[in-house]
Amino acid sequence: MWSNFFVQQDEEGHIGIAGTGQAGGLGAMKGGRGQRRTHKMSDSLEGKIKLAFFLSIIGVTLSVLGMGTEFWAELAQPKNSSGNQTCQMAHYGLWKGCIRTLWVADVDPERTSCGPAELPGESNCTYFKFFTSGENAVIFKKTTHNTLNLAAAILALLSLTMMAMGSICIAMALNKGVAFFLKPASFCFILSGVLVLLSVLVFHQSVLALLSTDHSVPVHHQLSWSVACVGSAGGILMLGGFLFILLSLPFSPWQKCLPHKNSAT
């Protein structure tokens, strides 16, 4: 019945001949559906995404390193307060704290307080009970505020969750070859960086609240290297998120150097 042939031209410019008859027409329709493909990203864009993702992974690594260690804050008594050859200092993080007993002879003579924590000595570490019984910890007669410590820990955990979601989005974008997942990934990484910085700010407030509970024992305090790691991670994560936003824009300045495929030469 249907003896005429018709010519189809697909998206790539190739010409094909469809079969005759109703079966041929259905086959052509199915073939057209099967040939409909999503535009893949170029190799240049994929390389830039991998570079931005590598930068974000550095931020994730620093975050995990800082959050898993207990060197967020150091509290040090005067090195001659006990009147013997040893002195005590404390360092703690989000999850546990340690009391260290150091030798006064090992402390820098120009330093008035005990420390730093890297000196050899005896350590007594315990996990905080904020997350189980809600009990506050006592460090050098000073009491922690479990509300602030819990808030800092929750913000840190939420930031880790957003990092994982952003990493999944980038992995899907690279696997599927589409740039659609760059925008949700950028949102996740920027939000994770903000949450990390908020966690540092809340933790600092918890340290100040701890010091204000008792003034009978003079204590020198300072934020330690774990905070430096986490703070740097927050900035790096936000930078990675902004890079993903630039890469997702159709007329991004990052895209100007991408090669364009011409359909006709």
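Residues numbered from 1 in each chain as written. Predicted model: local features only at pLDDT ≥ 70, side-chain atom pairs only at ≥ 80, totals over all residues. Heavy atoms only, no water.

Trainee: Explain the overall build of the chain to me, please; I cannot follow it from the model alone.
Mentor: The secondary structure content of the chain amounts to five helices and nine strands. Reading the helices (α) and strands (β) of the chain from amino to carboxyl end gives β-β-α-α-β-β-β-β-β-β-α-α-β-α. For the chain, the proportion of its 265 residues judged to be buried stands at 41%. Intrachain contacts of the chain at a sequence separation of at least 6 include 66% that bridge at least 24 residues. (Helix = DSSP H or I, 4+ residues; strand = E, 2+ residues; numbered from the N terminus. Buried < 20%, exposed > 50% of the residue type's maximum accessible area, 1.4 Å probe, protein only. Contact = heavy atoms within 4.5 Å.)

Trainee: Mind showing me how you'd approach the state of the cysteines here?
Mentor: Put plainly, a disulfide is one covalent bond tying together the sulfur atoms of two cysteines. Across all of its chains, the model carries two disulfides by this definition. The residue that forms a disulfide with C87 is C114, at a sulfur-sulfur distance of 2.1 Å. On the sign convention where negative is left-handed, the bridge of C87 and C114, at about 65 degrees about the S-S bond, is right-handed. Taken together, the residues C87 in strand β4 (residues 86-92) and C114 in the loop between β5 (96-103) and β6 (121-127) connect sequence positions 27 residues apart. According to the relative accessible area criterion, C114 is buried, its value standing at 0%. Here C98 connects covalently by a disulfide to C125, the sulfurs 1.9 Å from one another. (Disulfide = S-S within 2.5 Å.)

Trainee: Honestly, the sheet that holds strand β3 (residues 73-76) in this entry has me stumped. Any pointers?
Mentor: Sheet strands pair via backbone hydrogen bonds, and the direction of the pair is either parallel or antiparallel. Strand order in this open sheet of five strands is β6-β5-β4-β3-β9, and the pairing throughout is antiparallel. In the strand order of this sheet, the two ends are held by β6 and β9 (220-223), each with one partner. Averaged over all pairs of adjacent strands, the angle between their axes in this sheet comes to 20 degrees, without regard to strand direction. In the sheet, β3 pairs with β4 via four bridges, with the strands oriented antiparallel. (Pairing = 2+ DSSP bridges. Axes fitted to C-alpha atoms, helices over the stretch in contact; angles between N-to-C directions.)

Trainee: Sorry if this is basic, but what is going on with the UniProt feature "transmembrane region" (unreviewed entry) in the chain here?
Mentor: According to UniProt, the positions carrying the feature "transmembrane region" (unreviewed entry) are residues 51-73, 150-174, 186-211 and 223-247. The span residues 51-73 carries 74% helix and 4% strand; its end-to-end C-alpha distance comes to 33 Å. Between the end C-alpha atoms of residues 186-211 there is a gap of 38 Å, over a span that is 100% helix and 0% strand. (UniProt positions renumbered as here; feature names shortened; annotations may be inferred.)

Trainee: Looking at this model, I keep getting lost on unusual backbone geometry. Mind explaining?
Mentor: For residues that are not glycine, phi is negative in most cases, and the peptide bond is trans in most cases. Each neighbour pair has its own omega, and for G115 with P116 the value is 0 degrees, a cis peptide bond. Position of P116 among the secondary structure elements: in the loop between β5 and β6. One non-glycine residue, K141, lies in positive phi territory at about 65 degrees. Take K141: it is sitting in the loop between β7 (138-139) and β8 (142-143).

Trainee: Would you mind showing me how to read the pattern of salt bridges here?
Mentor: Side chains that differ in sign of charge can pair as their charged atoms come close. Under the criterion given, the structure shown has two salt bridges. In this structure, E46 engages K50 in a salt bridge whose closest nitrogen and oxygen atoms are separated by 3.5 Å. Linking E46 with K50, this pair stays in helix α2 (residues 43-67), spanning four residues, or about one helical turn. (Salt bridge = Lys/Arg side-chain N within 4 Å of Asp/Glu carboxyl O.)

Trainee: Would you take a moment to explain the pairing of β5 for this structure?
Mentor: Walk down a regular strand and you will see the side chains alternate between the two sheet faces. The sheet contact formed by β4 and β5 spans seven bridges and is antiparallel. Note that in β5 the partner of A90 across the bridge is I99. Between β4 and β5, which follow one another and run antiparallel, lie three residues. Sheet analysis places β5 next to β6, joined by seven bridges and oriented antiparallel. Among the inter-strand pairings, I99 is bridged to a residue of β6, identified as N124.

Trainee: Just checking my understanding: could you explain the packing of aromatic side chains for this structure?
Mentor: Geometry of an aromatic ring pair is reported as the spacing of the ring centres plus the angle between the planes. Applying the stated criterion to the full structure yields nine aromatic pairs. Between F71 and W225, the ring centres sit 5.4 Å apart and the planes meet at 25 degrees, which makes this aromatic pair stacked. Separated by 154 residues along the polypeptide, F71 in the loop between α2 and β3 and W225 in helix α5 (residues 225-248) bring together distant segments of the chain. Clustering of aromatic rings is evident, with ring pairs tying together W72, Y92, W95, F128, F130, F131 and F203. (Phe/Tyr/Trp six-rings, centres within 6.5 Å; stacked < 30°, edge-to-face > 60°.)

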